Amino acid sequence: MKVDIELPDDVNASVSHLDLTVEGPNGSVERRLWYPDVTVSTTEADGTSHVTIESAEDDAKTTATVGTFESHVRNMIHGVVEGWEYEMEVYYAHFPMQVRAEDGEVVIENFLGEKAPRRTPVRGDTEVEVDGETVTVSGPDKEAVGQTAADIEQLTRVSGKDTRVFQDGVYITRKPASRGEAA
């Protein structure tokens, strides 16, 4: 089984041992792609670059892994060309909370009147922009962007109170579907 993925003109890929690095106009993404009897390599033919995923095996698990690796590579290419973006909404009814991004972390103050600020790290090369009640999380690595957005949402999780009444929080309102179409 062999899968060839063509790279756009402004994207470069390289394999170092088991790590695939894809670089483009929006940055670079590195990922370890390892599975027995599956090889990932970069080739250049006819003036275009390709990432090749191949395996001599043809069983179900290997075939599924080759498909998974193909999705990872396509997501990496999309990330370094167009990027991934989540939009989040700050909602409060009881206490006006302040959200800001500083020094590689997101800080939420006055959540439900708490004195201590809540903090979570920003993962990878992800950028967090706060504009009033809207928080935008963007970057080239799909997993780092998604995990940062999820961490921010979980940071304002309400426990020990009636969630029908205490709906304060920062919620994901728009996230990318596969290969960047808005969901």
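Just so we're clear, the structure is a prediction, and the values are computed from it rather than from any experiment.

## With respect to the overall build of the protein chain
Alright, step 1. Scanning the protein chain from N- to C-terminus turns up 2 helices and 13 strands.
Alright, step 2. Over its C-alpha trace the protein chain gives a radius of gyration of 20 Å, far above what one expects of a compact globule, namely 16 Å for 183 residues.
Alright, step 3. By its C-alpha atoms, the protein chain is 60 × 35 × 30 Å across when sized along the principal axes.
Alright, step 4. Within the span of the protein chain, comprising 183 residues, buried residues form 36% of the whole.
Alright, step 5. Contacts spanning at least 24 positions in sequence make up 57% of the contacts within the protein chain whose residues lie at least 6 apart.
Alright, step 6. Carbon and sulfur atoms provide 44% of the accessible area of the protein chain, an area that totals close to 10,300 Å².
Alright, step 7. Distance from the positive charge centre (17 side chains) to the negative charge centre (36 side chains) of the protein chain: 10 Å.

## Observations regarding the pairing of strand β5 (residues 38-45)
Alright, step 1. Strand direction decides the pairing type here: β5 and strand β6 (residues 48-55), joined by 8 bridges, are antiparallel. Its bridge partner lying in β6, T39 is registered against E54.
Alright, step 2. Linkage of β5 to β6, two consecutive antiparallel strands, is achieved through a turn of 2 residues, within which D46 is found at a positive phi near 55°.

## Details of unusual backbone geometry
Alright, step 1. The residue D37 is not glycine, and still its phi comes out positive at about 65°.
Alright, step 2. In this fold, D37 is placed in the loop between β4 (27-32) and β5.
Alright, step 3. In this model, L112 sits at a positive phi of 55°, which is unusual for a non-glycine residue.
Alright, step 4. If you trace the backbone, L112 turns up in the loop between β9 (105-109) and β10 (118-121).
Alright, step 5. The class for L112 is buried, based on a relative accessible area of 17%.

## A look at the sheet that holds strand β2 (residues 12-16)
Alright, step 1. An order of β2-β3-β4 is seen for the 3 strands of this open sheet, with the pairing classed as antiparallel. Where the open sheet ends on each side, the last strands, each with one partner, are β2 and β4. Averaged over all neighbouring strand pairs, the angle between strand axes comes to 15°, with direction disregarded.
Alright, step 2. Here β2 pairs with strand β3 (residues 19-24) via 5 bridges, running antiparallel. The partner of S16 across the bridge, within β3, is D19.

How each quantity is defined
Residues numbered from 1 in each chain as written. Predicted model: local features only at pLDDT ≥ 70, side-chain atom pairs only at ≥ 80, totals over all residues. Heavy atoms only, no water. Helix = DSSP H or I, 4+ residues; strand = E, 2+ residues; numbered from the N terminus. Rg over C-alpha atoms; globule rule 2.2 N^0.38 Å. Buried < 20%, exposed > 50% of the residue type's maximum accessible area, 1.4 Å probe, protein only. Contact = heavy atoms within 4.5 Å. Areas by Shrake-Rupley, 256 points an atom, 1.4 Å probe, with all protein chains shown as cover. Lys, Arg positive; Asp, Glu negative; His and termini not counted. Charge placed at Lys NZ, Arg CZ, Asp CG, Glu CD. Pairing = 2+ DSSP bridges. Axes fitted to C-alpha atoms, helices over the stretch in contact; angles between N-to-C directions.

Note that every value here comes from positions in space, so none of it alone points to a role or purpose.
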